[in-house]
Structure formats: C-alpha cells, structure tokens
Amino acid sequence: MSHKMSQPPSLLNKWIQENNELVNKWKQQEKGRDTVRQDHNQPHLKWCSYEFHKLLGIIQGIPPNSDYTQLELAVVYNAGVCATAQAQFSEAELFLTQAAERVLQVTGGETGASDPLVCWRAVLKSVENTHLHPSVLYLVCLQWAIWLATCQLKTIQEFQEEMPSLFETLCGGVGDGAISEARSKSSNIPLMVMDPRRLIELLQICTSIALGAERLTEGQSSEALTGLQAASSLPAPRALVGYTHLLSGSCLTHMRRPQMALQCYRKALETDSRCVCALYQSMLIYRQLGNTQAEIQALRLLHSTLMLPSATDPALASTHLLSPSSLLCSQSLSSLLSVPSALSVLHSLALKCLLCGRVSEGVEHYLDLLAVLHSEDQQGLHTQDATIPRLPELYLEAGAALLMARRPADCLALCSEVISTTLELLPEKVVLEEPEERREAETRDTEGENRVAMVLWTAAAYLLQGHCHSHLKDWKQAVTHYTRCINLLVKVRLKKRDFQPQFSSADMDVQRGKDLCVLQKLKGLSLAGRGISFTQTDKLKEALRDLQLSLQAFPECVGAGLWCGEVLWRLSRRREAAACWEKTWSLTTQSLVENLPVYLQEPQSGPLLDSAELRHRIQELGPT
C-alpha cells in the first residue's frame, strides 16, 4: 500500500489532469460552436484527437498496470470518440483492440481472440464485479457506434443475440447518474468528451432506425414496423423520433395501408416540422390514391418548405460529438429519406396543375421555374438538376402551357428560343436505334442520343409554332411551320429500315422506347396540323393526304381522324367519312397522358369539330 501511495499516484494525477484539461477545452469550444456548420469545428477536433492520442501513447508506454487502467480506458474512449467523429474508424478500432488486450493482461484473462465478439466477451467476463466494469462498458458502446457508422448491422444483431443481458445493462446502466455527478465534481476522476448515457440513447434509436430501414428494403415490412413503433417511445432528439414515424409510414405504404401511412407521416411532421420527407411521402400517397387536389396542395407546401433557409440545415444536427448523421449512413436509409430538389418539386407542381386543368397556375409555376434557372445562370442545354427535364424541354413544356392559356405570342417566343439554340447544332442525318439493339451494345452512344434529342426538340418547337399560327388563323404560317417540323423528322432514320411501327401509344413507350414514341407522335401531330390547315384553305386533296399519313404514323390522333372524315364528307365520300368518324370515336384515348411530354398533346385550340353535329350528319345519312 505504501508503494502505491508514493510516486505513481502523482503521475496518475498528472495524466488525469491532462485528460480533464483536454475534455474541458473541447467542451468550451463545443458550447460556442455553430451546430449547423460543424465543419468549422474540425480543426479543434483534430487537435483534441491528436492530443488524446499522444497522451494515450504515453500511458501505454508503460506495462499494463491496474493503477492506471481506469484512466487508460477513459483516454481510449476519448481518443476513440474523436477518431470516430472524424470517420477514422480503423484508428478507433485499433485503440479498442489494444485496450482490450491490455485489460486482459491486467486481469489475467485469455488473450489473442481475433473475433471482436469473442474478444469483448472475454474482456467483460474478466472485469465482472470489478471497478473496471463501467469503463469497459463505455468502450463496448464505442465499438457499437463504430459498427453502426460502418453499417455492420448483422454484427450488431449478433451482438444483441449473443449478449442480451449485456445489451440490457448497456441500455439501463451505462453512465450511472451518481458516477457522472462524481466525475463533474472530482478532479481525480477522468472526464469523458461525450456522456456515455447520451451515447447509448443515441445508439438505441439509431440502431432501430437503421435496422428498420434495412428490413424495409429487404421486404420485411411487418418486422420493421414492430421495431420502429417500439423505438418511437425511446428518449431521443425530435428529429430521430420523427424518423421512426416516417419509416413506420413507409412500412405501412409497402403493406398497402395508405390511410394508416398518412397518419404516421402526419405524426412525423408534428414531431419534427423539418421532416420534409414525410411531406414528400404524403404527396406520393395522394398521387397513388388519385387525390389530385391533395397532391397539388402537398406539392405546393413541399416546395415552399424546401425554399425556406432552414431547409438547408442538417435535420440531424447535434450538439454532441457523435451526431446521428454520422451513425446513420446506410444506403437503404439514404434511399428512403431522399427528397427531390425544390426545382424538381416546382416542375412536378407545374406539370400536375397543367394536366388537371389548372392551366393558369401551371403557367405561373413554369415561368417561376424558368426564372429560377436563369437566375442561377443555367443557360445551357443541361441543367444542374438531373431530376428535371433539360432546358429545351422545359421551354417546350412552358410553351405548351402558354398555348393552353391562350397566349400564343408568348409560346412563339419560347419556341424561337429553343430553335435559335438548337438549329445550328442539327445534324444532316440521325439514326435512331431500337431499344433492343441499344441494350445489346456494350456502350451507349450518348452523342448519338443528344443528336436525336436536338432534332426532336427543334421539331417540337416548330410543331408548337404551327399550333400557335393555327390558333391565330394564320393558315399560311401554320402550314409553313408544320412543314418545317415534318422536314426535320424525315432526317431521323430507324436502324431497321423494314420496320414500320403500328401500335398504340400505351404500348409504344414500353416496346420501342420513348424517342421512337416521340418521333411518331410528332409526325402524326405535324401532318394532322398541316392537313387541318389545308382544309381551311379548301385544299382538300392535300388535306386528305396529310391526314391519312397522320393516322398511319399515329392511329390515336383524334383530330386527324375527325378531320379526315370531314374532308371525305366534303369530297362526297360520305359513307367513308361516317366510318372514319365511328372508328375515331371508338378509340379509348386520354386527353392528357403523363407518359408523353405535355407539348405532344393534341392542341385544344384552333379549328375544332363538334362531335354532336357529326353524329347528326351520320343519322341523316341513314343506314347503308
């Protein structure tokens, strides 16, 4: 006893003091930091990590000694937490492995186990009912944190299964309040950079969230839901509790219980108002249920929320050294928590308004979208956000919206912008490969795809301009622009020249690819537009030719079918006209379909035929 009271305790106190000074410096820095910009604190964290590492090296420079072990384990914990906070997991695990070996040397336990679980089992058994037991539990917590941060969820599950009593001890006894209070009052007890009680609370709910996300991704929705619902009552930051409700909603969505899922998403938002993913998932449920008004309302609210300055703040910002975001890194969770950008949401809102007849709102949203893109100097053909169409397509969609709103002059201006951007880049000839051949190719011809896109965008711009002139009843200009569209489209050749597509739009997108579908629709609409324009100037022969070619290219073109019948009627081929009208009315078409660009919908302005009047003509014609 006299030996222990001589020199070693003074050295021990010196090292404890050094450790505590480092902890106190860190905590002073932590109090004054900006939690949103944690990167500003990185230099101080690196300094602390280096100093703890240096102190640990000094302590471990002497043989393992029971007098110093408690201090050594505290410094290992502090150095390991700092390394883990910097994602230096190998270094942190090395600290833990070395500490475990030295504990076994002090206690006389069996060393040399390579399996982490076997090693920790041996260490815990060797310190059972000793003063070192709490310190070892702190290191087990840190090991758990490293497994979680490196997505070793199977190891964590095995850890829980093999050592259930230890898990209960960790959850219920780490960082006893009396011990923590003693630490804060005594200068002879090593301090910790992060309270183990806070760490275990964080580990519990983060593990439940990560496991829930993994099970959900694997299709185990029921098991995931049970664990997440239990985790929702754990003591934790509001953002993490919000995640449990959010993921519970995702489980219920997979289990086809949309109304219950909506309740969970509502709970998530009530718990954490910044949980924008819950708002996004609610919007998807409304879309699935066909509740268009609720979907639009959710899109509007989601966009306004994403535009708030606080939306860029980390949802899982933490005042602790180990933040929830550093522990929740799994790909499964990231995928489930993903939310589109504000630009993407604004585009979806504009398009949805247009498709459900709220044209004026759609126009305003499209103009807002274009204004934002211009303000960010995104003037090229490629926008920075890959989730929205490229700029020429956005111009075309906005142009179509303006035409629907009876603003042909504005539509003409936007289309001229597209043409001026793409016209000089147009190739002399373009080959469009069939999707089957593309899949067989080892590499995708990106340059070739861009050439096709250039031609289709320019042709679509001419098509819309033709619609505008048709709306203005300027038939000569309408014919000119429809002809320009047609002349561009003949530059596109299918690789299989003997193939002549004859199928519906619903099948075309799936079977032959979107580019081919767009090409055929452009041909059908431009020929129909020119044919209808010819009818207005009594060029019935040319009109009939174009309208029949239009129906060959795209049989579902209602305008072409009705006007083809009208031309046949005027040419006194009335039985053929009646048959043409009957066939057109028998088609099951959607006025606005979302699997094609909105600028490829049939125009709702220009010369229109009254189906009731046509049916009256057929009745007067009588039976054959």
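Rules used throughout
Residues numbered from 1 in each chain as written. Predicted model: local features only at pLDDT ≥ 70, side-chain atom pairs only at ≥ 80, totals over all residues. Heavy atoms only, no water. Helix = DSSP H or I, 4+ residues; strand = E, 2+ residues; numbered from the N terminus. Contact = heavy atoms within 4.5 Å. Axes fitted to C-alpha atoms, helices over the stretch in contact; angles between N-to-C directions. Parallel < 35°, antiparallel > 145°, perpendicular 65-115°, else oblique. Left-handed = near helix turned anticlockwise from the far one by under 90°. Expected span 1.5 Å × (residues − 1). Buried < 20%, exposed > 50% of the residue type's maximum accessible area, 1.4 Å probe, protein only. Disulfide = S-S within 2.5 Å. Salt bridge = Lys/Arg side-chain N within 4 Å of Asp/Glu carboxyl O. Core = buried A, V, L, I, M, F, W, Y, C linked by side-chain atoms within 4.5 Å. Polar contact = N/O pair within 3.5 Å; in protein donor to acceptor, adjacent residues only side chain to side chain. Arc of directions from axis to C-beta. Phe/Tyr/Trp six-rings, centres within 6.5 Å; stacked < 30°, edge-to-face > 60°. Lys NZ or Arg CZ within 6 Å of the ring centre and 35° of its normal.

Draft legend 1. Examining the environment of Met255 more closely. Residue position: Met255 is located in the loop between α12 (238-254) and α13 (258-271). Taking the C-alpha atoms as reference points, Met255 and Ser221, 34 residues apart in sequence, are found 6.8 Å from one another. Ignoring sequence-local partners within four residues, the contact set of Met255 consists of Ser221, Ser222 and Leu225.

Draft legend 2. Representation of the packing of helix α10 (residues 196-217) against helix α11 (residues 221-231) within the structure. Interaxial distance between α10 and α11 falls to 8 Å at its minimum, and their mutual angle equals 165°. Our classification of the angle between α10 and α11 gives roughly antiparallel. Like other packed secondary-structure pairs, α10 and α11 cross with a definite hand, here left-handed. Listed contacts from α11 to Ile205, Ser208, Ile209, Gly212, Arg215 and Leu216 of α10 are Ser221, Glu223, Ala224, Leu228 and Ala231.

Draft legend 3. Up close: α12. Here α12 is 17 residues long and its end C-alpha atoms lie 25 Å apart, about the 24 Å a rise of 1.5 Å per residue gives. Most of α12 is tucked away, with 14 of its 17 residues classed as buried. Just downstream of α12, Arg256 is the residue with a positive phi angle, here 60°.

Draft legend 4. Looking closely at the state of the cysteines. Enumeration according to the criterion identifies zero disulfides in this entry. Cys206 takes part in no disulfide bond, and the closest cysteine sulfur to it belongs to Cys329, at a distance of 9.6 Å. Owing to a relative accessible area of 0%, Cys206 belongs among the buried residues under this scheme.

Draft legend 5. Geometry of the pattern of salt bridges. According to the stated counting rule, one finds 18 salt bridges in the structure shown. Here Glu72 and Arg102 are joined by a salt bridge, their closest N and O atoms 2.6 Å apart. Here Glu72 is found in helix α3 (residues 66-85), whereas its partner Arg102 is found in helix α4 (residues 89-107), with 30 residues between them in sequence. Given a relative accessible area of 4%, Glu72 falls into the buried group. The class for Arg102 is buried, based on a relative accessible area of 12%. With a closest N to O distance of 3.9 Å, Arg570 and Asp538 form a salt bridge.

Draft legend 6. Region of the structure containing the nonpolar core. Among the nonpolar cores identified, the biggest contains 112 residues, and Leu203 and Leu246 are the most heavily contacted of them. With 13 residues, the single largest contributor to this core is helix α6 (residues 133-149). Not counting the four nearest positions on each side in its chain, Leu203 is found in contact with Cys141, Trp144, Ala145, Leu148 and Leu327. The next biggest cluster of nonpolar side chains, apart from the first, holds 82 residues, and it includes Leu394, Cys485, Val492 and Ala578.

Draft legend 7. Quick look at the side chain of Gln86. By the element assignment, Gln86 lies in the loop between α3 and α4. Classification of Gln86 by relative accessible area gives buried; the value is 16%. Engagement of the side chain of Gln86 in a polar contact is seen with the side chain of Ser49, the distance being 3.3 Å. Sequence-distant contacts of Gln86, defined by excluding residues within four places in its chain, comprise Gln42, Leu45, Lys46 and Ser49.

Draft legend 8. Seen up close, helix α2 (residues 42-59). Along its 18 residues, α2 runs 26 Å from first to last C-alpha, staying within 8% of the 26 Å computed at 1.5 Å per residue. Every buried residue of α2 is listed here: His44, Leu45, Cys48, Ser49, Glu51, Phe52, Leu55, Leu56 and Ile59. Along the axis of α2, the buried residues cluster in a sector spanning 165°; they form a single face. Counted as exposed and oriented over 90 degrees from the buried face of α2: Pro43, Lys46 and Tyr50.

Draft legend 9. View of the environment of Ala87. When you line up the elements, Ala87 lands in the loop between α3 and α4. Ala87 gets classed as partly exposed once you look at its relative accessible area, which sits at 48%. For the pair Ala87 and Leu327, spaced 240 residues apart in the sequence, the C-alpha separation amounts to 9.9 Å.

Draft legend 10. Geometry of unusual backbone geometry. Here the phi dihedral of Lys473 falls at roughly 60°; this positive angle occurs in a residue that is not glycine. With respect to the helices, strands and loops of the structure, Lys473 is situated in the loop between α23 (446-471) and α24 (475-489). Of the residues examined, Lys473 reaches a relative accessible area of 63% and is grouped as exposed.

Draft legend 11. Region of the structure containing the packing of aromatic side chains. Applying the stated criterion to the full structure yields five aromatic pairs. With centroids separated by 6.3 Å and ring planes inclined at 50°, the aromatic side chains of Trp144 and Phe159 adopt a geometry described as tilted. Of this pair, Trp144 sits in helix α6 while Phe159 is found in helix α7 (residues 153-162), placing the two residues 15 residues apart along the sequence. Using a relative accessible area of 1% as the deciding quantity, one classes Phe159 as buried. Among the aromatic residues, those joined into a cluster by ring pairs are Trp144, Trp147 and Phe159. The aromatic ring of Trp585 is capped on one face by Arg615, whose charged end is 3.8 Å from the ring centroid.

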